[in-house]
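So the chains spell out like this:
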Amino acid sequence: MSETMATTTTDLVTQYSARLASDLERNAEAQDAVRAELEHLEARLLALRHSHSVLLTMRQALERGVPGTQPSGSDGRGANGRAPGARGAAGRIRHRPTLVSLVRAEVASRSEPCSAGEVTAALREARPGRVIKATVVRTTLEGLVVKGDVRRVKQGRSVRYSAA
C-alpha cells in the first residue's frame, strides 16, 4: 500500500510539474505578445505626437504669415513674448535650433552607438542655457527611429542609438 501511495504521489508531482511548465510557457508567450503590442502602440503614439507638433508649428506659421490675423498672444506678440520676426542685437532674426536637429546631429557625430543619457549629457554640456530633459531626448530619439533617421540597437536590457 505504501508503494501504491508513493507511485500516486510521484504521478501527481509529474502531472503538476508538466502543468506548471505548460502554464509558464503560455504566460511567457502572452507577455511577449503584450510587449510587442505595447511597443507598436508606443511607436504609433510617438508618431502621432510628432504629427501633432508639426501641425501646431504649421498653424503658428500660418497665423504669423496671414495679414490681419493675430499671432498666438492677444497683444500681437508670439509665444516667446516678442513681436513676430523680432531681431537680435545684430539685426538678424534669431533662430534657435530644434531639439530634433540637435539630437540628430549629436547621434550623427558619434562613431559608435550611444545611449539616450549620453546624448542628453552632451546636449546639456553644449547648451547650458537650454533646458534639456532626458525623457524628451529619449522620445525624440524614438521619433527619429520611426522616421528612419536613427537606428535603435538593443544591447541586453539597454538601448543604444546610431545614425542610420
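Residues numbered from 1 in each chain as written. Predicted model: local features only at pLDDT ≥ 70, side-chain atom pairs only at ≥ 80, totals over all residues. Heavy atoms only, no water.

A. Summary view of the nonpolar core. Counting 15 residues, the largest nonpolar core has Val103, Val107, Val119, Leu123, Val137, Leu141 and Val150 as the members making the most contacts within it. Setting aside chain neighbours within four positions, we find valine 119 in contact with Val103, Glu106, Val107, Cys114, Val137 and Leu141. (Core = buried A, V, L, I, M, F, W, Y, C linked by side-chain atoms within 4.5 Å. Buried < 20%, exposed > 50% of the residue type's maximum accessible area, 1.4 Å probe, protein only. Contact = heavy atoms within 4.5 Å.)

B. View of the pattern of salt bridges. Overall, the coordinates contain 8 salt bridges when judged by the stated rule. Here arginine 35 makes a salt bridge to aspartate 32, at a shortest N to O gap of 2.9 Å. Placement of both arginine 35 and aspartate 32 in helix α1 (residues 2–65) is noted, with a separation of 3 residues, approximately one turn of the helix. You can call aspartate 32 partly exposed: its relative accessible area is 46%. Among the salt bridges present, the one from arginine 152 reaches glutamate 142, with a minimum N-O distance of 2.4 Å. Placement of arginine 152 in strand β1 (residues 150–155) and of glutamate 142 in helix α4 (residues 134–147) is noted, with a sequence separation of 10 residues between them. On the accessibility criterion, arginine 152 (38% relative accessible area) is partly exposed. Residues joined by salt bridges that share partners form a network here, namely Arg19, Asp23 and Arg26. (Salt bridge = Lys/Arg side-chain N within 4 Å of Asp/Glu carboxyl O. Helix = DSSP H or I, 4+ residues; strand = E, 2+ residues; numbered from the N terminus.)

Purely spatial values, then, with no claim about function.
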